[in-house]
Protein chains: 2
Amino acid sequence: MRILFATGNQGKVKEVKEKLSEFGIEVISLKELPHPLPPPPAETGSTFCENAHIKATYYAQKLNLPVMAEDSGLEVEALGGRPGVFSSRFASENATDEENNRKLIEELSALGLTESPARYVSFIFFAFPFQGGLWSEGEVRGKVVTTPRGEGGFGYDPLFIPEGFNKTMAELPLQVKNSISHRAKALERLVKAIKEIKCL
Amino acid sequence: MRILFATGNQGKVKEVKEKLSEFGIEVISLKELPHPLPPPPAETGSTFCENAHIKATYYAQKLNLPVMAEDSGLEVEALGGRPGVFSSRFASENATDEENNRKLIEELSALGLTESPARYVSFIFFAFPFQGGLWSEGEVRGKVVTTPRGEGGFGYDPLFIPEGFNKTMAELPLQVKNSISHRAKALERLVKAIKEIKCL
């Protein structure tokens, strides 16, 4: 089985390819297609659910093929759940991971905090061109700190320490991240849903 | 195949039972279960996607069974897309259909309008207890008018005239509504998605 995955984030492509290979599923990122691609849709949703849905249905309909899309982000308790759906554009519209991390550190520091409970959330839609398909979600709880550590992963991984660990997500080998992350859980559930539906 | 359907709306139960019987699927509303039911969840989402997801995952996890839930509503162009997710509580938290219809007529009349383009939208999540499952959506375009007509259906049906018709949704026999409505399209796509996934 092959799944087309719509994302411009190479960190996500790497993780998703690795994770789904465990289930014998080959992941092709849209950029690997020979087709010219349509411009990416505006992610105008106010929730992960909506944004993942917007992306997946947009590409599925434009390409007339089943397409998987994911929206994910970090919810920080001390910031009332922000940056949330704005995780990848927290510091500015085209912010780098480093700029977003710096902004998060500044906001926590401004509150006099060196850490806060937080969770990473992932929503996946696997859309058919006819506006239906599969969905799944995953989360990992933990805390964010104000001292970045580690070189792995992407996004806020250098600041995020998952529950039960004393290392940041960026310090964990991909194999470990891919056994505990929000995205890994969502992918496991997607595969589980496919299996359940085949038995319906 | 049997599907548990979470809704307190008897109009929806009737339509969904009728529509899915076309595909040999038996629909059981939660109230028909012998179990005592948990209190309904707060529909705190800002989108149909989010609300359908909240309802379906809540019941699937509480009951530890696959559960289907639907969120739907009317988006009126002249009102900037309202009532949208507030369709069933437009006039007040526990408003009747009649009160909501009256509120819509008043708002359009206050703008000096006797009609406006509008669309009905339906989002369905069919959730497994592990936070994954199927989803589908449907819409029907048309217009709303300020003179209610017809006794069938529910919600804003007496004010909604689907494209290609000169009768309101409430004047159409259930069999016709169930061949063109937003909910009917979402249900058809849900069944189509199940079939596609079985072939994956």
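What counts, and at which threshold
Residues numbered from 1 in each chain as written. Chains lettered and ligands numbered in written order. Predicted model: local features only at pLDDT ≥ 70, side-chain atom pairs only at ≥ 80, totals over all residues. Heavy atoms only, no water. Helix = DSSP H or I, 4+ residues; strand = E, 2+ residues; numbered from the N terminus. Buried < 20%, exposed > 50% of the residue type's maximum accessible area, 1.4 Å probe, protein only. Contact = heavy atoms within 4.5 Å. Buried area = accessible area lost by both parts, 1.4 Å probe. Salt bridge = Lys/Arg side-chain N within 4 Å of Asp/Glu carboxyl O. Polar contact = N/O pair within 3.5 Å; in protein donor to acceptor, adjacent residues only side chain to side chain. Nonpolar A, V, L, I, M, F, W, Y, C, P; charged D, E, K, R; others polar. Pairing = 2+ DSSP bridges. Right-handed = clockwise from strand over helix to strand, strands pointing away. Least-squares fit on C-alpha atoms with pLDDT ≥ 70 in both. UniProt positions renumbered as here; feature names shortened; annotations may be inferred. Core = buried A, V, L, I, M, F, W, Y, C linked by side-chain atoms within 4.5 Å. Expected span 1.5 Å × (residues − 1).

Chemist: Outline unusual backbone geometry, listing residues and values.
Modeler: Looking along the chain, the bond that leaves A:Arg82 and enters A:Pro83 is cis, with omega of 0°. With respect to the helices and strands, the residue A:Pro83 is situated in the loop between β3 (67-76) and α3 (97-110). Unusually for a residue other than glycine, B:Asn64 sits at a positive phi of about 55°. With respect to the helices, strands and loops of the structure, B:Asn64 is situated in the loop between α2 (48-63) and β3 (67-76). Judged by its relative accessible area of 58%, B:Asn64 falls in the exposed class.

Chemist: How would you explain the interface of chain A and chain B if you had to name every residue and give the values?
Modeler: Buried accessible area, meaning the area lost when the parts come together, often serves as the stated size of an interface. Every contact between the two is made by 28 residues of chain A and, on the other side, 28 residues of chain B. Together chain A and chain B conceal approximately 2,800 Å² of surface at their shared face, both sides included; 69% is due to carbon and sulfur atoms. Contact with chain B buries area across many residues of chain A, yet A:Phe130, A:Trp135 and A:Leu200 alone supply 26% of it, more than any other trio. Counting across the chain A and chain B interface gives 0 salt bridges. Across the chain A-chain B interface, the total number found is 13 residue pairs in polar contact (both at pLDDT 80 or more). Listed by contribution, the elements that provide at least two residues to the side of chain A that touches chain B are α2 (48-63), β4 (115-128), β5 (132-145) and α5 (182-199) of chain A. By residue number, the principal contributor to the side of chain A that touches chain B is α5(A), which donates 7 residues. For the side of chain A that touches chain B, the class distribution of residues is 14 nonpolar, 8 polar and 6 charged. Bridge analysis of β5(A) against strand β5 (residues 132-145) of chain B gives 5 bridges, and the strand direction is antiparallel. What sits directly across from A:Gly132, in β5(B), is B:Ser136.

Chemist: Please provide a residue-by-residue account of the pairing of β3(B), values included.
Modeler: All names here are of chain B. Counting buried positions along β3 yields 9 of 10 residues, so the element is predominantly enclosed. Alignment of strand β1 (residues 2-6) against β3, held across 2 bridges, turns out to be parallel. The residue of β3 that forms the bridge with Ala 6 is Ala 69.

Chemist: Run through the side chain of A:Lys55, naming residues and quoting values.
Modeler: All names here are of chain A. Topologically, Lys 55 is positioned in helix α2. Look at Lys 55 and you get buried, because its relative accessible area is 8%. Not counting chain neighbours up to four residues away, the residues in contact with Lys 55 comprise Ala 6, Pro 41, Glu 43, Ala 69, Glu 70 and Asp 71.

Chemist: Explain the pattern of salt bridges residue by residue, including any values.
Modeler: Residues and elements named next belong to chain A. Applying the stated criterion to the full structure yields 36 salt bridges over all chains. The residue Glu 188 makes a salt bridge to Lys 19 at a minimum N-O spacing of 2.7 Å. Of this pair, Glu 188 sits in helix α5 while Lys 19 sits in helix α1 (residues 10-21); the two residues are 169 residues apart in sequence, bridging distant segments of the chain. With a closest N to O distance of 3.2 Å, Arg 149 and Glu 171 form a salt bridge. One end of the pair, Arg 149, is in the loop between β5 and β6 (160-162); the other, Glu 171, is in the loop between β6 and α4 (174-180), with 22 residues separating them in the sequence.

Chemist: So what's going on with the pairing of strand β2 (residues 26-29) of chain A? Residues and values would help.
Modeler: Taken residue by residue, a regular strand's side chains alternate between the two faces of the sheet. Residue and element names in this part refer to chain A. Judged from the 4 bridges that link them, strand β1 (residues 2-6) and β2 form a sheet pairing that is parallel. Residue Leu 4 lies in a different strand from β2, and its bridge partner there is Ile 28. After leaving β1, the chain enters α1 and then returns to the sheet as β2, a path that is right-handed.

Chemist: Tell me about the relation of the copies chain A and chain B, and name the residues and values.
Modeler: The transformation that overlays chain A on chain B combines an axial shift of 0.0 Å with a rotation of 180°, and the residual RMSD is 0.0 Å. What the rotation and shift describe, once combined, is the action of a two-fold rotation axis. Of the residues that chain A buries at the interface, 100% are likewise interface residues in chain B, meaning the two copies contact each other through the same surface.

Chemist: Before we move on, could you go through the UniProt feature "binding site: Mg(2+)" (unreviewed entry) in chain A and cite the residues and values that matter?
Modeler: Residue and element names in this part refer to chain A. Listed under "binding site: Mg(2+)" (unreviewed entry) in the UniProt record, and renumbered for this structure, are Asp 71. Ignoring any residue separated from it by four or fewer positions in sequence, one finds Asp 71 in contact with Glu 43, Thr 47, Phe 48, Asn 51, Ala 52, Lys 55, Val 85, Val 121, Ser 122 and Phe 123. Engagement of the side chain of Asp 71 in a polar contact is seen with the side chain of Asn 51, the distance being 3.4 Å.

Chemist: Tell me what's going on with the nonpolar core, and back it up with residues and numbers.
Modeler: Nonpolar side chains tend toward joint burial in soluble globular proteins. Ranked by internal contacts, the top residues of the largest apolar core, which has 40 residues, are A:Phe123, A:Phe125 and B:Phe125. Where this core is concerned, the elements lending two or more residues are β1, α2, β3 and β4 of chain A together with β1, α2, β3 and β4 (115-128) of chain B. For A:Phe123, the residues in contact, after removing those within four places along its chain, are A:Phe48, A:Cys49, A:Ala52, A:Ala69, A:Glu70, A:Asp71, A:Trp135, A:Ser136, A:Glu137 and B:His53. Ranked by size, the runner-up nonpolar core spans 38 residues in total, among them A:Phe126, A:Ala186, B:Met68 and B:Ala193.

Chemist: So what's going on with helix α1 (residues 10-21) of chain B? Which residues, and what values?
Modeler: Residues and elements named next belong to chain B. Helix length check: α1, at 12 residues, gives a terminal C-alpha distance of 16 Å against a target of 16 Å (1.5 Å per residue), a fit within 8%. Buried residues of α1: Lys 12, Val 13, Glu 15, Val 16, Lys 19 and Leu 20, and no others. For α1, the secondary structure elements touched by its buried residues are β1, β2 (26-29), α2, β3, α4 (174-180) and α5 (182-199). For α1, the side-chain oxygen to backbone nitrogen distance between the N-cap and Gly 11 is 2.8 Å, and the N-cap itself is Asn 9.

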